[in-house]
Amino acid sequence: MRRSDLDFHLPPELIAQAPLPDRSASRLLHYRRSDNQIAHHVFSDLPALLRRGDLLVFNDARVLPARFMLRKETGGLIEGLFLAQPSPTKWRVLLRNLGAYRGPLAFVEAELHATIAEVGPGGECTLAVETYETAPAVLSRIGRMPLPPYIKRDRGRDARDDADRERYQTVYASAPGAVAAPTAGLHFTPELLAQLDSGGVERTFVTLQVGLGTFKPVEVEELSEHVMHRETYSISDTSADALNRAKRDGRRIVAIGTTAARVLESQPPGANFVPRTGETGIFIFPPYAWKHVDAMVTNFHLPRSTLIALVAAMVGLDEQRRTYREAIEHRYRFFSYGDAMLIE
């Protein structure tokens, strides 16, 4: 399969720049693989489209306000993106506009200083930060939400960032560490979750700390040559038990988003789920034999991305193209703050 197979033209005005006032008012394209039928709904219709006994698997990763600004000793500004904290005083970050500068750095909105301990490829660096405070604690005060580059915001702090701190986050997020949201979950509200409960739809949670690589385009022409980014995930005792019961009972496992799907499909076929913490670099693209996921809720994805390849692996490349054409014709909103699709 080739990268160009995943291309399509998207009118720029369909790229959602802000969420709707009501999370569950997003539109929902319903695709049935059994007969290739497409129907159009709003997301609040989801309980009526699922079956009693379905097990929904959510990614409970919590997005850090990971973007921050540094000032060079010469006065110039550097934009930073936090990636990880390998030790109490070391941050792994992505720095923009660093150039050849290697002098001291000061955080713009905090009384903190840092030095560059290591420079890696592609702008990745290790900072030695002069504090024993955790990175999440510092970023909660000074950071901005790491919105994808196709969502345009002013660089200065403003009320919109306060709104993004709430809306670029699922209502059930609990495990901090992600630098991108598991966006299929953004449509759920406490009221909708209660509706699902009353309809006999079960749910459980896994964690996959979504990394910067989720936005990385496929840059090689042959998909089989693409090297997938690796992300940390965990499955708890409770989740493993819920998944095993659903499998044993013959009930559907419904992944809420591509991140939950990747966690599930990273587990061995034909074996019980077990609690574990690990890394996954699984790249799902056609042809692919699904091992655990029976249905999926997902947003509409970027052309030539690993995420749209995953959708094509579930519905087939021709049907992926057809559903996306129909979504564009019906003026669905695309990407992180956009509308959703139920594939069953």
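Coordinates for the structure precede this section.
Keep in mind it's a predicted model, so treat the numbers as computed, not measured. (Residues numbered from 1 in each chain as written. Predicted model: local features only at pLDDT ≥ 70, side-chain atom pairs only at ≥ 80, totals over all residues. Heavy atoms only, no water.)

Undergrad: Can you lay out the overall build of the protein for me, pointing to particular residues and giving the numbers?
TA: Assigned secondary structure in the protein consists of eight helices and 17 strands. For the protein, the C-alpha radius of gyration of 21 Å lies close to 20 Å, the compact-globule estimate for 344 residues. The dimensions of the protein, computed from C-alpha atoms along their principal axes, are 65 × 45 × 40 Å. Across the 344 residues of the protein, 54% fall into the buried class. Sequence separation of 24 or more characterises 71% of the internal contacts of the protein that already satisfy a separation of 6 or more. Of the roughly 14800 Å² of accessible surface on the protein, 50% is carried by carbon and sulfur atoms. Of the side chains in the protein, 42 bear a positive and 42 a negative charge, and the two mean positions are spaced by 1 Å. (Helix = DSSP H or I, 4+ residues; strand = E, 2+ residues; numbered from the N terminus. Rg over C-alpha atoms; globule rule 2.2 N^0.38 Å. Buried < 20%, exposed > 50% of the residue type's maximum accessible area, 1.4 Å probe, protein only. Contact = heavy atoms within 4.5 Å. Areas by Shrake-Rupley, 256 points an atom, 1.4 Å probe, with all protein chains shown as cover. Lys, Arg positive; Asp, Glu negative; His and termini not counted. Charge placed at Lys NZ, Arg CZ, Asp CG, Glu CD.)

Undergrad: Provide a residue-level description of unusual backbone geometry, including the pertinent values.
TA: Note the cis peptide between proline 286 and proline 287, where omega equals -10 degrees. Along the chain, the position of proline 287 falls in the loop between β15 (276-280) and β16 (295-299). One non-glycine residue, asparagine 97, lies in positive phi territory at about 70 degrees. According to the relative accessible area criterion, asparagine 97 is exposed, its value standing at 56%. The phi dihedral of arginine 331 is positive, around 60 degrees, even though this residue is not glycine. Note that arginine 331 resides in the loop between α8 (317-329) and β17 (340-343). On the accessibility criterion, arginine 331 (43% relative accessible area) is partly exposed.

Undergrad: Kindly report on the sheet that holds strand β3 (residues 55-59), identifying the contributing residues and their values.
TA: Spatially, β2-β1-β17-β16-β14-β3-β12-β13-β15 is the arrangement adopted by the nine strands of the open sheet, whose pairing is mixed. One side of each edge strand has no neighbouring strand; the edge strands of this open sheet are β2 (37-42) and β15. Along the sheet, successive strands turn relative to each other by an average axial angle of 25 degrees, direction set aside. Strand direction decides the pairing type here: β16 and β17, joined by four bridges, are antiparallel. Along β17, the bridge assignment pairs methionine 296 with isoleucine 343. Here helix α7 (residues 306-315) sits on the sheet and contacts β1 (27-32), β16 and β17; the angle it forms with β16, its principal contact strand, is near 150 degrees. (Pairing = 2+ DSSP bridges. Axes fitted to C-alpha atoms, helices over the stretch in contact; angles between N-to-C directions.)

Undergrad: Any details on the pattern of salt bridges? Residues and values, ideally.
TA: Evaluation of the coordinates by the stated rule reveals 24 salt bridges. We note a salt bridge from arginine 92 to glutamate 124, for which the minimum N-O separation is 3.0 Å. Here the residue arginine 92 occupies a position in strand β7 (residues 90-96), and glutamate 124 occupies one in strand β10 (residues 124-129), the gap between them amounting to 32 residues. Notably, a salt bridge pairs arginine 141 with glutamate 133, separated by 2.6 Å at the nearest N-O pair. The partly exposed category is assigned to arginine 141, whose relative accessible area is 46%. Residue class for glutamate 133 comes out partly exposed when judged on its relative accessible area of 29%. Connected through salt bridges with shared partners, the residues Glu202, Asp241, Arg245, Asp249 and Arg251 form a single ionic network. (Salt bridge = Lys/Arg side-chain N within 4 Å of Asp/Glu carboxyl O.)

Undergrad: An account of helix α6 (residues 258-265) is needed here, citing residue identities and associated values.
TA: Within α6, eight of the eight residues are buried, which leaves the element mostly enclosed by the surrounding structure. For α6, the complete set of buried residues consists of Thr258, Thr259, Ala260, Ala261, Arg262, Val263, Leu264 and Glu265.

Undergrad: Tell me about the sheet that holds strand β5 (residues 67-72), and name the residues and values.
TA: With antiparallel pairing, the six strands of this closed barrel are ordered in space as β5-β6-β7-β10-β9-β8. Each strand of the sheet is rotated relative to its neighbour by a mean of 45 degrees, with strand direction disregarded. Each of β5, β6 (77-87), β7 and β8 (105-107) touches helix α2 (residues 135-142); the most contacted strand, β6, lies at about 150 degrees to it.

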